[in-house]
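So you can see what is in the structure, the chains are spelled out below.
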Amino acid sequence: MNEKVQAALNAQINMELGAFYTYLAMAAYFESEALPGFAAWMHHHADEEMMHAMKIYDFVHRRRGRVLLTAIGAPKTEWASALDAMQAALGHEQKVTASINALVELSRAEGDHATASFLQWYVDEQVEEEEIVDAAIQKLRRIGDFGPGLYMLDKEMGEQAGGEGEAGEEDAS
Ligand code: FEO
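The structure contained in this document is the topic of the report that follows. From a predicted model like this one, the values you see are computed outputs, not experimental measurements.

**Brief notes about helix α1 (residues 3-32)**
Point 1. The terminal C-alpha atoms of α1, which comprises 30 residues, lie 44 Å apart, in line with the 44 Å expected from a rise of 1.5 Å per residue.
Point 2. By the N-cap criterion, in which a side-chain oxygen at the helix start approaches the backbone nitrogen of a residue two or three places on, α1 is capped by Asn2, the distance to Lys4 being 3.0 Å.
Point 3. Note on α1: the residue one or two positions beyond its end, Ala34, has a positive phi of about 55°.

**Concerning the pattern of salt bridges**
Point 1. In the structure shown here, the tally under the stated rule is three salt bridges.
Point 2. The salt bridge involving Lys4 is made with Glu110; its shortest N-O contact spans 3.3 Å. Here Lys4, found in helix α1, pairs with Glu110, found in the loop between α3 (82-109) and α4 (113-143); they are 106 residues apart in sequence, far enough to count as distant.
Point 3. Between Glu156 and Lys139 there is a salt bridge whose closest N-O contact spans 2.5 Å. Here Glu156 is found in helix α5 (residues 147-172), whereas its partner Lys139 is found in helix α4, with 17 residues between them in sequence.
Point 4. When its relative accessible area of 30% is taken as the criterion, Glu156 is described as partly exposed.
Point 5. According to the relative accessible area criterion, Lys139 is partly exposed, its value standing at 27%.

**Focus: the packing of helix α2 (residues 36-62) against α3**
Point 1. Contact pair α2 / α3: the axes reach a minimum separation of 13 Å and the direction vectors enclose 15°. As far as their axial angle goes, α3 and α2 are roughly parallel. Handedness of the crossing formed by α2 with α3: left-handed. Within the contact between the two elements, α2 uses Phe38, Trp41, Met42, His45 and Glu49 and α3 uses Met86, Ala89 and Glu93.
Point 2. Split into classes, the residues belonging to the contact of α2 with α3 amount to five nonpolar, one polar and two charged.

Rules used throughout
- Residues numbered from 1 in each chain as written.
- Predicted model: local features only at pLDDT ≥ 70, side-chain atom pairs only at ≥ 80, totals over all residues.
- Heavy atoms only, no water.
- Helix = DSSP H or I, 4+ residues; strand = E, 2+ residues; numbered from the N terminus.
- Expected span 1.5 Å × (residues − 1).
- Polar contact = N/O pair within 3.5 Å; in protein donor to acceptor, adjacent residues only side chain to side chain.
- Salt bridge = Lys/Arg side-chain N within 4 Å of Asp/Glu carboxyl O.
- Buried < 20%, exposed > 50% of the residue type's maximum accessible area, 1.4 Å probe, protein only.
- Axes fitted to C-alpha atoms, helices over the stretch in contact; angles between N-to-C directions.
- Parallel < 35°, antiparallel > 145°, perpendicular 65-115°, else oblique.
- Left-handed = near helix turned anticlockwise from the far one by under 90°.
- Contact = heavy atoms within 4.5 Å.
- Nonpolar A, V, L, I, M, F, W, Y, C, P; charged D, E, K, R; others polar.

What follows is the structure in structure tokens.
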């Protein structure tokens, strides 16, 4: 396959695996803060990133390209609050969105329409990813320092993680 596109897809695999690592570190942070619902939600989100990486991994191989894995940096491990962590997650998603958009543009410029078409799934997925993280941020902002509110939201996030888990399994089949 086109070498420039292949290199950019490999970089995207690295970025998705980096997102997996970052969100798993956030899940561990939430566990340490006794927020099991947030931890389950973020763990589920981390699993989705692994799935995003593997979809590209499979696509490159289907095109008879070469996947080359590279180092993933150590993730941050501490955040000031649940709100701080979720804001960092949104910032990360925005970087992923920019990277996907650049990848679509490169594919088109190189005349690789198959890759541009494949990436459309990621373009749509990023809208949802930013939306769900932003929804949690808005709720956390409303709650502020109100402990019982955080307790209730943690329960809600845990329920969402369970629901999304079932939907994710359907997607995978
Ligand atoms: Fe794979 Fe959350 O972007």
